[in-house]
Amino acid sequence: MRLAFTKMQGAGNDFIVLDETRSRLGLSAAQYRWLADRHFGVGADQILTVRPAPHPGVDFEYVIHNADGGEVENCGNGARCFLRYVHDAGLIKRRCVRVQTRAGVLTLELQDDGRVTVDMGPPIFEPAQVPFDPTGLTPQAEGGWQRWPLALQATGEQTLLVAVLSMGNPHAVLRVDDVDTAPVARWGPLVESHPRFPRRVNAGFLQVAQRSRARLRVYERGAGETLACGTGACAAVVAGIRFGWFDERVDVDLPGGRLTIEWPLHQGLSASVRMTGPAEPVFSGVVDVPDLG
């Protein structure tokens, strides 16, 4: 199968964008994995697909597949690239767009400086909705919230204290003294696949630099450590605000760049999280995708 694609990146989190507004490509999980492969395919953290609006009230359907071929609920950095793509491709002229994801509806707005702001909706704290199984665990209270003890499997290492929440996809946030020396490669996959997260989880390693600035690394579910994770930045800031570590507007420095996260907790726990950051096209091309079943 020969298909056209556009490669994009948002703070170093890179994507392949596919246009299915006219017809479905019908790609298999194996073909998504091939496209994401950096040696044999195009290479990307995720594949984003633009589809027609599934119902009135939204402009498009936004579909995300991880590098492992699995479809996931949400991707914040991808959402910014999604808007930049549909605007640059002439699929829509308005600068403010609503898109349907598996997790719900997102509102995306193109700014004058080329950055994109995404209304990510409210965070989800109920463990069952993350989903997270807290059976038998005793949380540790901190600030206005709590952290959960997470024993890593078969490592003999200390139990981690993590904040658990969802931004349309599940996140476990661990505070560390220094992200540069944090054992992301060792602990990340153990947290990601921990049995208390039935759908796996994105593992965030958060360093509090100032009340308005954070540093973050994220080991993403189905992708490994990436240069940036938008929902991970949102989850980390929300957790930090609830714990009293941050003010309501925080600049988050990730390996690939900076995202600005705003969460007005003074409006209540159901307030929406807003994320602003870059979205840049890299190149476009055509690729022959093998028939992998």
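Chains are numbered independently. Their residues run from 1 in the order of the written sequence. Local features are withheld for residues below a pLDDT of 70 in this predicted model, meaning they are given only at 70 or higher, and side-chain atom pairs are given and counted only at 80 or more; totals for whole chains, interfaces and linings count all residues. Where side-chain values are given, they derive from all heavy atoms of the structure, hydrogens and water being excluded.

Turning next to the side chain of Thr260. Runs of H or I in DSSP of at least four residues are treated as helices and runs of E of at least two as strands, each being numbered from the N terminus. For Thr260, the position within the fold is in strand β17 (residues 257–262). Relative accessible area serves as the criterion here: at 6%, Thr260 is assigned to the buried category. In terms of polar contacts, Thr260 uses its side chain to reach the side chain of Asp251, at 2.8 Å. The criterion used for residue contact is that any of the two residues' heavy atoms lie within 4.5 Å. Once residues within four sequence positions are removed from consideration, Thr260 is found in contact with Arg115, Arg249, Val250, Asp251, Arg274, Met275 and Thr276. Three exposure classes are used, based on accessible area relative to the maximum for each residue type with a 1.4 Å probe and protein chains only: buried under 20%, partly exposed in between, and exposed over 50%. Counted as a polar contact is a pair of N or O atoms within 3.5 Å, where, for protein atoms, one must be capable of donating a hydrogen and the other of accepting one, and residues adjacent in sequence contribute only when both atoms are in side chains.

With that settled, consider the nonpolar core. Judged by nonpolar contacts, the single largest core of 60 residues is most densely connected at Tyr62, Leu206, Val252 and Ile261. If you tally residues by element for this core, the top one is helix α4 (residues 230–243), at nine residues. The residues contacting Leu206, other than those within four sequence positions of it, are Val173, Leu174, Arg175, Val176, Val179, Ala214, Arg215, Leu216, Ala236, Trp245 and Phe246. One finds Val130, Phe132, Val162 and Val164 within the second-largest nonpolar core, a separate group that totals 22 residues. As used here, the term nonpolar core means buried Ala, Val, Leu, Ile, Met, Phe, Trp, Tyr and Cys residues forming a set that is joined through side-chain atoms within 4.5 Å.

Structurally, Pro195 can be placed in the loop between α3 (184–192) and β13 (202–210). Under the relative-accessibility criterion, Pro195 is labelled exposed at 57%. Placed 63 residues apart in sequence, Pro195 and Phe132 show a C-alpha to C-alpha distance of 9.0 Å.

The subject of this paragraph is the environment of Gln207. Examined against the element boundaries, Gln207 turns out to sit in strand β13. Judged by relative accessible area, Gln207 falls into the buried class, the value being 14%. Sequence spacing of Gln207 and Asp177 is 30 residues, and the spatial spacing of their C-alpha atoms is 5.8 Å. Ignoring anything within four residues of it in the chain, the contact list for Gln207 reads Val176, Asp177, Asp178, Val179, Ala214 and Arg215.

Here we come to the packing of aromatic side chains. Centres within 6.5 Å make a pair out of two Phe, Tyr or Trp rings, where for Trp the six-membered ring is used; the pair is then stacked when the planes are under 30 degrees apart, edge-to-face when over 60, and tilted otherwise. The tally for this structure, following the rule as stated, stands at nine aromatic pairs. Seen in terms of ring centroids, Phe125 and Trp145 are 5.3 Å apart; in terms of plane orientation they differ by 75 degrees. Their pairing is edge-to-face. Of this pair, Phe125 sits in the loop between β8 (116–119) and β9 (140–142) while Trp145 sits in strand β10 (residues 145–150), and the two are 20 residues apart along the sequence. Given the relative accessible area of 17%, Phe125 is considered buried.

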